[in-house]
Amino acid sequence: MKDLNNSSGYDSIDKSGMYEKVIHLPEQILKAYNEPVIHLPENFLKSKLQKINKLVLCGMGGSAISADIVQSAFGTKLPETVIKDYTIPYLDQNTLAVVISYSGNTEESLSCLNFALKKTKHIAAVTSGGQLKAMIDPKYYWIE
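Structural notes, computed from the coordinates. Nothing here was measured: the structure is a model prediction, and the numbers come from that model. (Residues numbered from 1 in each chain as written. Predicted model: local features only at pLDDT ≥ 70, side-chain atom pairs only at ≥ 80, totals over all residues. Heavy atoms only, no water.)

## What to know about the layout of surface pockets
Counted only if it meets this: A cavity here means a set of points on a 1 Å grid, drawn over the protein atoms and nothing else, where a 1.4 Å probe fits but cannot get out; a pocket is an open set with protein on both sides within 12 Å along at least five of seven lines, and a residue lines either one if it has an atom within 4 Å of a point. Grid points are joined across faces, edges and corners, and a volume is the space filled by probe spheres set on the points. Under the DSSP-based scheme used, a helix requires at least four consecutive residues in state H or I and a strand at least two consecutive residues in state E, with every element numbered from the N terminus. In this classification, Asp, Glu, Lys and Arg are treated as charged, Ala, Val, Leu, Ile, Met, Phe, Trp, Tyr, Cys and Pro as nonpolar, and every other residue, Gly included, as polar.
Taken as a whole, the largest pocket encloses approximately 1,800 Å³ of empty space. Lining of the largest pocket is provided by 43 residues; of these, Ala32, Ser66, Ile100, Tyr102 and Val126 occupy positions nearest its centre. Of all the secondary-structure elements, those providing two or more residues to the lining of the largest pocket are helix H1 (18–23), helix H2 (25–34), strand S2 (54–58), helix H4 (61–74), strand S4 (95–101), strand S5 (123–127) and strand S6 (141–143). If one sorts the elements of the lining of the largest pocket by residue count, H4 sits on top with nine residues. In the lining of the largest pocket, the residues fall into 27 nonpolar, eleven polar and five charged.

## A closer look at the pattern of salt bridges
Condition: Here a salt bridge means any side-chain nitrogen of Lys or Arg lying within 4 Å of a carboxyl oxygen belonging to Asp or Glu. Throughout, exposure labels follow a simple rule: accessible area from a 1.4 Å probe, protein chains only, divided by the maximum for the residue type, with under 20% read as buried, over 50% as exposed, and the rest as partly exposed.
Counted under the stated rule, the structure contains two salt bridges. One salt bridge connects Asp92 with Lys54, and the closest N-O pair in it is separated by 3.3 Å. Separated by 38 residues along the polypeptide, Asp92 in the loop between strand S3 (80–83) and S4 and Lys54 in strand S2 bring together distant segments of the chain. Overall, Asp92 belongs to the partly exposed group, its relative accessible area being 30%. Residue class for Lys54 comes out buried when judged on its relative accessible area of 18%. In this structure, the salt-bridge partner of Lys84 is Asp68, at a minimum N-O distance of 3.0 Å. Taken as a pair, Lys84 in the loop between S3 and S4 and Asp68 in helix H4 lie far apart in primary sequence, 16 residues in all. Taking relative accessible area as the criterion, Asp68 reaches 28% and is therefore assigned partly exposed.

## Here's the deal with the side chain of Lys54
Which entries qualify depends on this criterion: Residues adjacent in sequence count toward polar contacts only when both atoms are side-chain atoms; beyond that, a polar contact is any pair of N or O atoms within 3.5 Å, and within protein one must be able to donate a hydrogen and the other to accept it. By definition, residues are in contact when any of their heavy atoms lie within 4.5 Å.
Within the structure, the side chain of Lys54 is placed 3.3 Å from the side chain of Asp92, a separation counted as a polar contact. Aside from chain neighbours lying at most four places away, what touches Lys54 is Leu78, Pro79, Tyr90, Asp92, Asn94, Thr95 and Leu96.

Below you can see the structure in the form of structure tokens.
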């Protein structure tokens, strides 16, 4: 049995490096807060953001954790839903859809983005790149 108090040898059981990601989460949050890379297109600033009456956060796995945190922290301020699936059950033109995928290639998140692109112009993303960034840039708001 693996001694969990000894981090040496984690590589043999933690193939995706999740231990390192979790243990360094506080530093990652501080970096994202203090040094965000933001793309804010002019058309986004001109859109009627005051008409937004719902928030949908789409993500899977670790990317969905941030959506869960947002929902816990701000759920009473604006009706919001966390989607961890391929489709968004309800979405209209007054919904802000935020698609979250660290890699930018998460199948479910890309599916939700394609769905959102047909229903609303209020779309944003949190990603480090991949297909998600390519699909959303330069027209929509994104943060890296």
